[in-house]
Every structure is written in structure tokens, then in C-alpha cells.
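Structural features, examined
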Amino acid sequence: MDPVIGPLDLTAHVDEALAVQAAAFGLGPDEVAVRRQIVLRHMTHPGARALGATAGGRLLGFVYGMPNDRTHWWSTVVEPYLRAQGNDHWLDDSFVITELHVHPRHQKQGIGRALITAITDTATEPRSILSAIDVESPARGLYRSLGYRDLARQVHFPSAPKPYAVMGAPLPLLRA
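All residue numbers refer to position in the chain's written sequence, counted from 1. Thresholds applied to this predicted model are a pLDDT of at least 70 for local features of residues and 80 or more for the giving and counting of side-chain atom pairs; totals over whole chains, interfaces and linings are not thresholded and use all residues. To obtain the side-chain values, all non-hydrogen atoms of the structure were included, while hydrogens and water were left out.

1. What to know about helix α2 (residues 29–42)
For clarity, the cut-off: In this text, helices come from DSSP runs of H or I with a minimum length of four residues, and strands from runs of E with a minimum of two, each type numbered from the N-terminal end. To estimate the expected span of a helix, subtract one from its residue number and multiply by 1.5 Å. By the convention used here, residues are in contact when the closest approach between their heavy atoms is within 4.5 Å.
For α2, built from 14 residues, the straight-helix expectation of 20 Å at 1.5 Å per residue is met to within 8% by its first-to-last C-alpha distance of 20 Å. Of the surrounding elements, those touching the buried residues of α2 are α1 (14–25), β3 (58–67) and β4 (94–102).

2. Here's the deal with the packing of aromatic side chains
Short version of the rule: Two rings belonging to Phe, Tyr or Trp (six-membered ring only in the last case) form a pair when the distance between their centres is within 6.5 Å. Interplanar angles under 30 degrees mark stacking, angles over 60 mark edge-to-face geometry, and anything in between is tilted. Burial here depends on accessible area, computed with a 1.4 Å probe over protein chains only, as a share of the maximum for the residue type. Under 20% is buried, over 50% is exposed, and the range in between is partly exposed. We call a charge positioned over a ring when the NZ of a Lys or the CZ of an Arg lies within 6 Å of the ring centre and within 35 degrees of the ring normal.
If you walk through the whole model with that rule in mind, you get three aromatic pairs. Centre to centre, the rings of Phe-157 and Tyr-164 are 5.2 Å apart; their planes meet at 85°, and the pair counts as edge-to-face. Summarising the burial analysis for this pair, Phe-157 and Tyr-164 share the class buried. If you follow Arg-127 out to its NZ or CZ, it ends over the ring of Trp-90, 5.4 Å from the centre.

3. So, the side chain of Arg-127
The test is simple: Note on charges: Lys and Arg go in the positive column, Asp and Glu in the negative column, and His and the chain ends are not counted at all. For this analysis, a salt bridge means a side-chain nitrogen from Lys or Arg found within 4 Å of a carboxyl oxygen belonging to Asp or Glu. We define a polar contact as two N or O atoms separated by no more than 3.5 Å, with the added condition that, inside protein, one atom must be a possible hydrogen donor and the other a possible acceptor, whereas residues neighbouring each other in sequence contribute only through side-chain atom pairs.
Mapped onto the elements of the fold, Arg-127 is located in strand β5 (residues 127–133). Put simply, Arg-127 is tucked away with no salt bridge, and the nearest opposite charge, on Asp-93, sits 4.8 Å away. Here the side chain of Arg-127 touches Asp-92 through a polar contact of 2.9 Å, landing on its backbone oxygen. In this structure the side chain of Arg-127 is engaged in a polar contact, spanning 3.4 Å, whose partner is the side chain of Ser-94. Aside from chain neighbours lying at most four places away, what touches Arg-127 is His-89, Trp-90, Asp-92, Asp-93, Ser-94, Phe-95, Ala-169, Pro-170 and Leu-171.

4. So, the nonpolar core
Selection criterion: What is meant by a nonpolar core is a set of buried Ala, Val, Leu, Ile, Met, Phe, Trp, Tyr and Cys residues, joined one to another through side-chain atoms within 4.5 Å.
Of all hydrophobic cores here, the largest spans 31 residues; its most connected members are Leu-10, Phe-62, Tyr-64, Trp-74, Val-78 and Val-166. At the level of secondary structure, the elements contributing two or more residues to this core comprise α1, α2, β3, α3 (73–84), β6 (149–155) and β7 (164–170). At five residues, the largest contribution of residues to this core is made by α1. With 24 residues, the next largest nonpolar core counts Ala-53, Ala-55, Leu-146 and Leu-173 among its residues.

5. Description of the environment of Thr-124
Along the polypeptide, Thr-124 turns up in the loop between α4 (111–121) and β5. A relative accessible area of 74% means that Thr-124 is categorised as exposed. In this structure, the C-alpha to C-alpha distance between Thr-124 and Gln-154, residues 30 residues apart in sequence, is 29 Å.

Just distances and angles here, no functional claims.
Next comes the structure, spelled out in C-alpha cells:
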């Protein structure tokens, strides 16, 4: 059964979505509890929206994001790294992909690509930004294939054990 991409009430389905994220990222119960509060807070921001990929009534993957705001925590952390590379203007007029996760059993089937292109296709901003763990990975390869490029690398978030890369792409995203 092919997955269906559509709007997701992330507040109502936060536990189901976080189960997907936990499987994809190997998160424990304490990390899930913290992320639950973050997701619920994010979904109160103006313009925040989410899409899900479902099949047979099960959530296979999800994406959510919002128009970027320089006062958001994420922006305040990445801004000095972007400024050092001459890229801090990317924080303005951008749609930020906050989270994108596909359950490991359903990865490499085009679901992540479908989710991120669907959510950015409805953005009114001229560009999109996101952060990803700063290692060569299938996720970073996907982002590059969509037109994202590195804006800053070795970005350290408080409490994150690994450094991240901040990536940006003009919208609409490239199509394969």
C-alpha cells in the first residue's frame, strides 16, 4: 500500500510521531519526554504546520516546520555560526524544517523526499533552512539532491552530543 502524504495534526498525534522519531534516532524515554514538550510548544508558533505519511492507518513518517524567527532558540544558537560564514541572512524570510523523520522500516522509499517537498511547496518564503547531524548520511544526501547546501558546519547545540550542519535551499526545491 502506497503511503498517503497529507496534513497531520501533530498536537493530537505527537506520541505516534515521536515513536517514529525514536525509532529513527534511537531515542530513549527521557529524550522522548523532552522532545514531546518541544514539539507541543513549536506547534503553537504562527505558521507552524505538519504533514504525515500514512499507510493502513499507521504513521510512517512526518515533517514539521514553520517560518523562521530570529528570536527562536534554534536561530539564536545557529546565528553566530551562520554569521561567521556570511550566511546569517538565511535566517530571514526562511521556512525552517524543524523535524523530518521516517521510520527505519520505510526509509529509502521516497517518503522523506515526498514529505519535505510537499511542506516546502506550500511555503510563502523564498528559501528553506534546516539542521542535520554533520556527517555524510542518507539524510544529508537527500537534502543535497533537493538543492540544500551547507551554510555552516560543526554547529554545536547545547546537550547534543554530535555537531550539526545548517543547510539552506532556495524554494521551490529541486525535483529529481
